[in-house]
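# Observations on the three-dimensional arrangement
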Number of protein chains: 2
Amino acid sequence: MPEEPSIGVLLFIPYRAMEERVFAALDAAGHEITRAQMKLLQRIDEDGSRLSALAESAQVTKQTAGYLVDQLERTGYVERAPDPTDARARLVRLTERARALHPVARRAEAETEAEWLAHLGKRRMDQLRDALTRLREITDPYLERP
Amino acid sequence: MPEEPSIGVLLFIPYRAMEERVFAALDAAGHEITRAQMKLLQRIDEDGSRLSALAESAQVTKQTAGYLVDQLERTGYVERAPDPTDARARLVRLTERARALHPVARRAEAETEAEWLAHLGKRRMDQLRDALTRLREITDPYLERP
DNA sequence: TAAATTAATCAGAGTCTCTGACTAACGTCA
DNA sequence: TGACGTTAGTCAGAGACTCTGATTAATTTA
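My aim in this report is to walk through the structure given alongside it, one point at a time.

Quick notes on the rules
Residues numbered from 1 in each chain as written. Chains lettered and ligands numbered in written order. Predicted model: local features only at pLDDT ≥ 70, side-chain atom pairs only at ≥ 80, totals over all residues. Heavy atoms only, no water. Near = heavy atom within 4 Å. Polar contact = N/O pair within 3.5 Å; in protein donor to acceptor, adjacent residues only side chain to side chain. Helix = DSSP H or I, 4+ residues; strand = E, 2+ residues; numbered from the N terminus. Nonpolar A, V, L, I, M, F, W, Y, C, P; charged D, E, K, R; others polar. Contact = heavy atoms within 4.5 Å. Buried area = accessible area lost by both parts, 1.4 Å probe. Salt bridge = Lys/Arg side-chain N within 4 Å of Asp/Glu carboxyl O. Least-squares fit on C-alpha atoms with pLDDT ≥ 70 in both.

### Some details on the protein's contact with DNA strand C
Among the 22 residues in the neighbourhood of DNA strand C, the closest are listed as Gln-63 and Thr-64 of chain A together with Ser-52, Lys-62 and Arg-88 of chain B. Atoms of DNA strand C within 4 Å of the protein: sugar and phosphate make up 61%, bases the balance. Here Gln-63 of chain A contributes a side-chain N or O atom positioned 2.4 Å from a base oxygen of DNA strand C. Within the side chain of Arg-90 of chain B, one N or O atom sits 2.8 Å away from a phosphate oxygen of DNA strand C. Elements that contribute at least two residues to the surface near DNA strand C include exactly helix 2 (35-41) and helix 4 (62-74) of chain A together with helix 3 (51-58) and helix 4 (62-74) of chain B. Per-element accounting of the surface near DNA strand C gives the leading share, 5 residues, to helix 4 of chain A. Split into classes, the residues belonging to the surface near DNA strand C amount to 7 nonpolar, 7 polar and 8 charged.

Below is the structure:
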């Protein structure tokens, strides 16, 4: 007689399943991206971002961000360019290779979500999204509040 | 105009909030437990568990499990005893100190859940749990299937 | 009983993260 | 305008967590 999982575990199980689908799709498309690298990659602005900005956004130290950007640079996902407005700074920019990741990740996400919708039905899927969106109001420390 | 977060992110945000509440409560009660240690600790059977069993259950190698059990042993949360049924094996057992973690963690979880209930209302909280429980049917790789 | 398997450990390495110290460039203000 | 404090980034060193490969000891199988 297995116990009821806690709400925390119930949230984690599908989250993890989604994450694994996305990384599996990236891997299948020839992209060996780690979770840590992705955390940074997602935060790089269209016009490039400074290391400090990435570090702050991803909640890691500048040293950690530098270590991850080094890796992403070596594997061809980002490049560093001088920042024209400040000679101390450099802009981390996405390469074409990095831009190719987005559609792959989005497709895997959309496919997984479609399977969930098929299993839950539209009503319950809407209820799930609604409840999670409202829950975010009190659990997201970075949510913009009006 | 911030985009709608994906369902994956929406799941992750409250999960992470819950996890942080639990570890903060443990920390406040004087227990410095890491996520990796907790993953093992949760899987130790009432009568003790073998290292191999813990490793398999937590999805890590035996070496990793050994490394974590060493730490937990040093900090007084587990002890190793010979397995009377097999001289190669040793049983990892919870100490009293480890047993003291459970009520602290459960209380933090219950408090957080109560806040969520107050914010969402009973109807939406029930819908959330229902949707997540059904979602588990297709996203939990370790779910017992009848 | 010899061979294969299983339980655990040792050794070495890679990833991710941190703190502390440093250099170079920028901004301020007396 | 020049000294001072701040900011951007890097270097060095360390700790946590994870892995692969090799080893030892005990058990199970053929």
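### Side note on the interface of chain A and chain B
Between chain A and chain B, the contact holds 34 residues from the first and 34 residues from the second. Both sides together, the interface formed by chain A and chain B hides about 3700 Å², and carbon and sulfur atoms give 75% of it. Inspection of the chain A/chain B interface yields 2 salt bridges. Residue Asp-130 of chain B pairs with Arg-124 of chain A through a salt bridge whose shortest N-O separation is 3.7 Å. Scanning the region where chain A abuts chain B turns up 4 residue pairs in polar contact (both at pLDDT 80 or more). Counting only elements with at least two residues in the side of chain A that touches chain B, the list comes to helix 1 (7-28), helix 6 (101-120) and helix 7 (122-139) of chain A. In terms of residues, the side of chain A that touches chain B owes the most to one element, helix 7 of chain A, which gives 15 residues. Among the residues forming the side of chain A that touches chain B, the class breakdown is 18 nonpolar, 6 polar and 10 charged.

### Details of the relation of the copies chain A and chain B
After a rotation of 180 degrees and a shift along the axis of 0.0 Å, chain A superposes on chain B with an RMSD of 0.1 Å. The relationship between the two copies is best expressed as a two-fold rotation axis. Both copies contact each other with a shared surface, as 100% of the interface residues of chain A are interface residues in chain B too.

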